[in-house]
Structure formats: structure tokens, C-alpha cells
Amino acid sequence: MASFKIKGGNKLQGELTPQGAKNEALQILCAVLLTKEPVIIHNIPNIRDVNKLMELLEDMGVKRSKVGEGSYRFEADQVQFEYFESQEYKEKAAELRGSVMLLGPMLGRFGKGKAPKPGGDKIGRRPLDTHFIGFQKLGAEFNYDQDDFFYSIDGSKMKGSYIWMEEISVTGTANVLMAAVLTEGTTTIYNAACEPYLQQLCKMLNSMGAKISGVGSNLLTIKGVKELGGCEHTMLPDMIEIGSFIGLAAMTGSEITIKNCRIPELGIIPDTFKKLGIQMEFRNDDIYIPAQTNYQINTLIDGSILTIYDAPWPGFTPDLISIILVTAIQAKGTVLVHQKMFESRLFFTDKLIDMGGQIILCDPHRATVVGLNKEKNLRGIRMSSPDIRAGVALLIAALSADGTSIIDHIEQIDRGYQNIDTRLNAIGADIVRM
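Conventions used here
- Residues numbered from 1 in each chain as written.
- Predicted model: local features only at pLDDT ≥ 70, side-chain atom pairs only at ≥ 80, totals over all residues.
- Heavy atoms only, no water.
- Helix = DSSP H or I, 4+ residues; strand = E, 2+ residues; numbered from the N terminus.
- Rg over C-alpha atoms; globule rule 2.2 N^0.38 Å.
- Buried < 20%, exposed > 50% of the residue type's maximum accessible area, 1.4 Å probe, protein only.
- Areas by Shrake-Rupley, 256 points an atom, 1.4 Å probe, with all protein chains shown as cover.
- Lys, Arg positive; Asp, Glu negative; His and termini not counted.
- Charge placed at Lys NZ, Arg CZ, Asp CG, Glu CD.
- Salt bridge = Lys/Arg side-chain N within 4 Å of Asp/Glu carboxyl O.
- Contact = heavy atoms within 4.5 Å.
- Patch = residues over 30% accessible without salt bridge, like charges linked within 9 Å, V, L, I, M, F, W, Y side chains within 5 Å.
- Axes fitted to C-alpha atoms, helices over the stretch in contact; angles between N-to-C directions.
- Parallel < 35°, antiparallel > 145°, perpendicular 65-115°, else oblique.
- Left-handed = near helix turned anticlockwise from the far one by under 90°.
- Nonpolar A, V, L, I, M, F, W, Y, C, P; charged D, E, K, R; others polar.
- Pairing = 2+ DSSP bridges.
- Phe/Tyr/Trp six-rings, centres within 6.5 Å; stacked < 30°, edge-to-face > 60°.
- Lys NZ or Arg CZ within 6 Å of the ring centre and 35° of its normal.

Right, let's talk about the overall build of the protein for a bit. Helices and strands together make up the secondary structure of the protein, namely 14 helices and 23 strands. For a compact globule of 434 residues, the expected C-alpha radius of gyration is about 22 Å, and the protein comes in at 22 Å, within 12% of that figure. Reported as C-alpha extents along the three principal axes, the dimensions of the protein are approximately 65 × 50 × 50 Å. When the 434 residues of the protein are sorted by exposure, 57% land in the buried category. As displayed, the protein offers around 17,100 Å² of accessible surface, 47% of which is attributable to carbon and sulfur atoms. Across the protein, the centroid of the 46 positively charged side chains sits 1 Å from that of the 51 negatively charged ones.

Right, dumping it as C-alpha cells:
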């Protein structure tokens, strides 16, 4: 188990360039299975979850070669189906929640698929019913072995169909979409997720020869084609990293420029941080955060307490709720943070309370933060990272605190953030990896 030792209180100054988007990468990499022709992908983040998925693809028989920094060429012309019966596949795929999105491409191209029940962050239950109901609507039949936690799916009789997504699931929409593009007939997916990463997947698939309309809306129409060709695709910067850097700058009173943000794709993320009183300037495609001594939380028009909550896109992404919460600790004013979509994502607040944060955890979904207005600093403690996003929230808290903090189990942070210690140290942080 690795740890970070953080000396808090340093002012940071400089530029940070966000990595490629993790959540897009997991979808895009699975999509290379949809064609036997070469696919080149740029801006792939060098993080644990993404690297594990690329290794899994290679184990399946997909050829991978590096063509540049963060750029790889994939060719899935000789997929080895016997590998899916191996114990190694079951163990490796079970470690990675994104592996479930291998099912859609396998069903679409080969008419069959196998997958173990995946793991992932401990942020509450995330059932896969949305994925499997979508496959069933297309005509797939599946069997779940409860003793082995293994799904086997027969998609040989799939036809285009109308599909109502009971949950606005990004991975569920991506999975069903990838199955539908090579399924005979027309498929309509209503109540589809429409995140920028999902839009990116649609654009990539269309460039490969798919026929998807309604991109960017919650109603996708897919006319199945017989085969797809190769393509070249560049991934978006990670919006979660961008939001994390905004919160970091505010908490530490630092002057930071976030480079190449693809600002039009960020939706309401910048405006949500502005509600906490954080100043920022858009300089072409960069976001400049000036050093602020104080920042004040907005109130509602009638003067009542602001609530910030997550929602499916174009609402505020749940992956930044923990960053909003930690950033509010040093603001002036009070905010209610409402995590609607997952029931365990606020449990890390006990560590922030131990550091001196004024937080009331109302229930598993809501926390009230009373800002310290930088009149008193947090204090360094020893803690453990429970998941990717909470881990970075704790890192931000530690960087703003007096004294030294130790964060254990940083493998969780490494799953989502590329060399975060090295990059922050380059602009003045004091983080030692142990």
C-alpha cells in the first residue's frame, strides 16, 4: 500500500494541463473491438484503470503499438475468444468496472460476450440492470452464474428495437449503443445519457461508418450497419481534473492557469464553482484562477442557503461533488451539498471534520458545510483514500492545511489521476510518495 506525505500551506503558482478524460477513455478503448481495421487514439491518460483496460485488450488478442506520447494504434483483427473462459480474464476484468463495456462491442461484432461482475469504487451500489435490459430489448439472452459471478450473453438473434433507458446511465448508454451500431435494423435509445464523453463516442463511431443521429440529445437513433472501419480519434481533456484544479487553486489561495480545457464542453462546471465565489478568467481555451485571499458562497435570490447537487448531464457531474464540498470548507458562508446519485460518496467527510472542517453530515446524501473563511486553517492528519474522487478532495484539503498529512491507499487516486504528485510538485506543492 502506497501513501502520500503532504506538507500543507504552500502557495502554488504555474500551469497545469489536464490529462485525457478517463471516463471517455474507457468507452473509446472498448470500441476498438468493433472493427478489424486499425484505430488510432490520441490523448490517452497514463492512469491505472486505463492501462489495465489496454492490457486486457492485448490479452484478448488486440494488437497495440505506441505512435506518440499518449497515442496508440489498436488492431482487433484476431480476437481470441477462448481467453474469455480463462480464470485470468475473470480476475482481471473483475478488478475494473469499465470492463463491462466490452460486452456491447462483443455482442455487436461477434454475437456473444462474457464478463465477470465488475468491481470499482466503493461509492454505493451501481447495478448493471440498465445494461442488460438494453441488451435484452435488442434480443440478447443472458445467463448469470451466481456461484462464479459471471455473465454469459448470446446476441446471435439481436434486432434493432425501441429502448427506454430506465436509468440515465453513461456506461449503460455506451454499452447498448456499441451493440446497436452493428445490429440489423433501427434502434432507438430514449432517455439516453448525453455527456460530452458519450457524444465523443458517437462521433468516433460515425467516423467509422456507423449511422447515429441525435448526438448530444437524450434520443439516439441508430441504423445498424454490417461493419465498421478504422478511424483516428482525439479524446477530450478530463473535466474532473479541471474542476479539481479549480478547487485546488481556491483552497490554497494559489494562482493557477489550467491549459487547453475545451471550455465549451465543460457545461455548467465553471459556473458552479463561481457560485462558491471563485474568480476565473477564460483566456482563449485556458482557465486562469487568480490567487484569492477569500471567496464567498452565493445565496439564493431571497437570501436563503445555496444548494449544490449533482444530476445527469447537462446537470452538475457527481464526480465533482466531493471537490465542491472540500472547496466550500474555506469559503465564507454556508452551502448544502446534495449528492443525489450515489449513497456512499459523502462518507469521507469524517476525515475533513477531523481536520477541522465545519461540516454536518445530514444523511448519506446531504452535507452542510459552514465555511471557515480562511480565519482558521485545517490541520494535517493521517487518513485513507476511499475512492478516486474523495482521495483527491482529501489531497486538496491536505495541501491547504497546517502541518503534515499522510494519505494512505493512494492506489485509488492513481486510478484516476496521472502522476498527480509530480505535476503538483512542479508548481510548488510538497508531496512525497511513500
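Moving on, we come to the pattern of salt bridges. By the definition in use, this model includes 22 salt bridges. Note that Lys22 is salt-bridged to Asp49, the shortest N-O span being 3.2 Å. With Lys22 in helix H1 (residues 22-31) and Asp49 in helix H2 (residues 48-59), the pair connects residues that are 27 residues apart, well separated along the chain. Just as Lys22 is buried, Asp49 falls in that class too. Residue Asp414 pairs with Arg433 through a salt bridge whose shortest N-O separation is 2.9 Å. Highlighted residues: Asp414 in helix H13 (residues 411-414) and Arg433 in strand E23 (residues 431-433), separated in sequence by 19 residues. Taking the relative accessible area as the measure of exposure, Arg433 reaches 39% and is therefore partly exposed.

Of all 8 residues in helix H4 (residues 103-110), 6 are buried; the element is thus mostly enclosed. For H4, the secondary structure elements touched by its buried residues are H1, helix H3 (87-94), strand E6 (112-116), helix H5 (129-137), strand E8 (150-154) and helix H6 (170-180). Taken from the residues just after H4, Gly111 is the one with a positive phi, measuring 80°.

Our next topic: a nonpolar patch on the surface. On the surface, a cluster of nonpolar side chains totalling about 410 Å² of accessible area is made up of Tyr162, Trp164, Tyr190 and Leu219. Structurally, Tyr190 is set in strand E10 (residues 186-190).

Moving on to the packing of H5 against H6. At a minimum axis distance of 8 Å, the contact between H5 and H6 shows a crossing angle of 25°. Classified by the interaxial angle, the pair formed by H5 and H6 is roughly parallel. Between H5 and H6 the crossing geometry is right-handed. Residue-level inspection shows His131, Gly134 and Phe135 of H5 in contact with H6, the latter providing Thr171, Gly172, Asn175, Val176 and Ala179. For the contact of H5 with H6, the residue count by class is 3 nonpolar, 5 polar and no charged.

We now examine the sheet that holds strand E7 (residues 141-145). On the basis of which strands lie adjacent, the open sheet formed by 3 strands has the order E6-E8-E7 and antiparallel pairing. Edge strands, defined here as strands with exactly one partner in the open sheet, are E6 and E7. If you compare each strand with its neighbour and ignore which way they point, the axes differ by 15° on average. Here 5 bridges tie E7 to E8, and the two strands are oriented antiparallel to one another. Along E8, the bridge assignment pairs Phe142 with Ile153. Strand contacts of H3: E6 and E8, with the helix running at about 65° to E6, the strand carrying the most contacts. Against the sheet, H4 contacts E6 and E8, and its axis sits at roughly 160° relative to E6.

Further remarks concern the packing of aromatic side chains. Counted by the stated rule, this structure contains 10 aromatic pairs. Here the aromatic rings of Tyr83 and Tyr89 are separated by 5.6 Å at their centres, their planes lie at 65°, and the arrangement is edge-to-face. Like Tyr89, Tyr83 is buried. Where Phe132 meets Phe142, the ring centres are 4.8 Å apart and the plane angle is 20°; that geometry is what we call stacked. A residue pair is termed long-range when its members are at least 10 positions apart, and Phe132 in helix H5 and Phe142 in strand E7 qualify at 10 residues. The exposure class of Phe132 is buried, given its relative accessible area of 4%. A connected cluster of aromatic rings, assembled from ring pairs, spans Phe81, Tyr83, Phe84, Tyr89 and Phe110. The cationic tip of Lys274 hangs over the ring face of Phe282; the distance from NZ or CZ to the ring centre is 5.2 Å. If you follow Lys340 out to its NZ or CZ, it ends over the ring of Tyr309, 4.0 Å from the centre.

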